[in-house]
Amino acid sequence: MDKSAVRILVLDDEPFMLDLLSHMLVELGFTSVTTCEKGTTALELVDAEVDPPNLILLDLNMPEMDGIEFIRKLVEHGYAGSLILASGEGERVLQMAERLVQAHQIMVLGHLKKPISVAALAMTVDKWRPAIAQYPARKTYSADELRDAIAKDELLNYYQPKVNVATGEVVGVETLVRWRHPVDGMVFPDQFIGVAEENGLIDDLTKVVLANAMTQAKTWRESGLHLKMAVNISMDNLSSVTFADFVAGAARAADVAPQDIVLELTESRLMLDQRAPLEILTRLRLKRFQLSIDDFGTGHSSLTQLRQIPFDELKIDRSFVHDAWRDETALAMYYVSMALGEQLGMEVVAEGVEDSDDWDLVKRTGCDMAQGYFIARPMPADAMAGWIASRNHQAQETRSATL
């Protein structure tokens, strides 16, 4: 980092704190540090035509304009720099304030709890990076384009491995659809799943994904690779009572055992009429298809759903897994989710295992399964067999070395 490029504004209503933080920053080698006691004065500096601050160290507790109001004002003034929050408030309040900054699409480098140490200040300020030009808005697609893509067989399944945490071996995959666009290349699902749901195309899309996944499961099984195949289904798929018959028919056509198929349900919207969804899910369960509650703890994926639907698997949302080891609130949610799954006799999957610290957490706490970028990114089917062979070999060597 070029410290001379960082123009820091420290906003705090206590003169002693301003002097202390300013001194700390200078000692850390930052040459452009300005201090300010009032939000109104700070906003004038933000609006300066020459060298406005690109990093603000913001106290949340101020008498005239508090830090939360100041954040809203920063948006109104078009601030394009970064923020570090500081306060003597509890950890959960600081985390909530961070989420507010992120919701305003301002870069937040972290929060510091008073009294602030030089080491904590240095580590947080070191995250600063120069502002980059805004990325162009992602292309949106029309219902007609997506309908045409489905008809032309342009949808492709990728697969992300799920591993047994105790052994490290691969036991299943989650199916993640992609769109091989003839012009734009690989298009990710967050750019077209919403279009499908809003325009009555989600059934057609899901049926293609399911049929391809089941065919792939059979191909892998015939080559000696037996994996549980998880497929995401939308609440909109559960509006027609014929959906259960389609799923069962697709499994028979592919000669795949229902118990090898896991249907992952994320309830992103409320079930206004519960009759059809409950009928379909109960029938699927009776036919021995596995049911998974995805993104547990977010949206409407809640305790109510655990009570109403006989799920076999609970997937802890990544927001309660990644970095949970240093986030007391997320860690508490992680433990509660684990305990619920265990008490209800469900297999528990930790999503969002992104680094070795996340892996250590799920390993130490005895979670059943895990998936995430630390294990593997989603990959095309033809890359899976070789990757699994290598992964399982490494897992076996690791176990042998610990015996």
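Basis of the calculations
Residues numbered from 1 in each chain as written. Predicted model: local features only at pLDDT ≥ 70, side-chain atom pairs only at ≥ 80, totals over all residues. Heavy atoms only, no water. Salt bridge = Lys/Arg side-chain N within 4 Å of Asp/Glu carboxyl O. Helix = DSSP H or I, 4+ residues; strand = E, 2+ residues; numbered from the N terminus. Phe/Tyr/Trp six-rings, centres within 6.5 Å; stacked < 30°, edge-to-face > 60°. Buried < 20%, exposed > 50% of the residue type's maximum accessible area, 1.4 Å probe, protein only. Lys NZ or Arg CZ within 6 Å of the ring centre and 35° of its normal. Pairing = 2+ DSSP bridges. Right-handed = clockwise from strand over helix to strand, strands pointing away.

K.L.:
Any chance you could explain the pattern of salt bridges here in plain terms?
P.N.:
Pairs can form between side chains of opposite charge whenever their charged atoms are close. Under the criterion given, the structure shown has 18 salt bridges. A salt bridge links D59 to K114, with the shortest nitrogen-to-oxygen separation between them at 3.2 Å. With D59 in strand β3 (residues 55–59) and K114 in the loop between β5 (107–113) and α5 (118–125), the pair connects residues that are 55 residues apart, well separated along the chain. Between D255 and R221 there is a salt bridge; the shortest N-O distance is 3.5 Å.

K.L.:
Sorry if this is basic, but what is going on with the packing of aromatic side chains here?
P.N.:
Given two aromatic rings, their pairing is described by the distance between the two centres and the angle made by the two planes. Counted under the stated rule, the structure contains four aromatic pairs. A ring pair is formed by Y141 and W179, whose centres lie 4.8 Å apart and whose planes are at 50°; its orientation type is tilted. Placement of the pair is Y141 in the loop between α5 and α6 (143–151) and W179 in strand β7 (residues 170–181), with a sequence separation of 38 residues. For the ring pair W179 and F192, a centre distance of 5.8 Å and an interplane angle of 90° mean the geometry is edge-to-face. On the criterion of sequence distance, the pair formed by W179 in strand β7 and F192 in the loop between β8 (185–187) and α7 (193–198) is long-range, its members being 13 residues apart. Across this residue pair, the class does not change: W179 and F192 are buried. The side chain of R377 reaches across the aromatic face of Y373, ending 3.9 Å from its centre.

K.L.:
What exactly am I supposed to notice about the pairing of β5 here?
P.N.:
Two faces make up the sheet, and in a regular strand the side chains alternate between them. When strand β4 (residues 82–87) meets β5, the two strands line up parallel, connected through six bridges. Looking at the pairing, I84 lines up with G110 of β5. Assessed by its sense of winding, the connection that carries the chain from β4 through helix α4 (residues 91–103) to β5 is right-handed.

These figures come from the coordinates and say nothing about function on their own.
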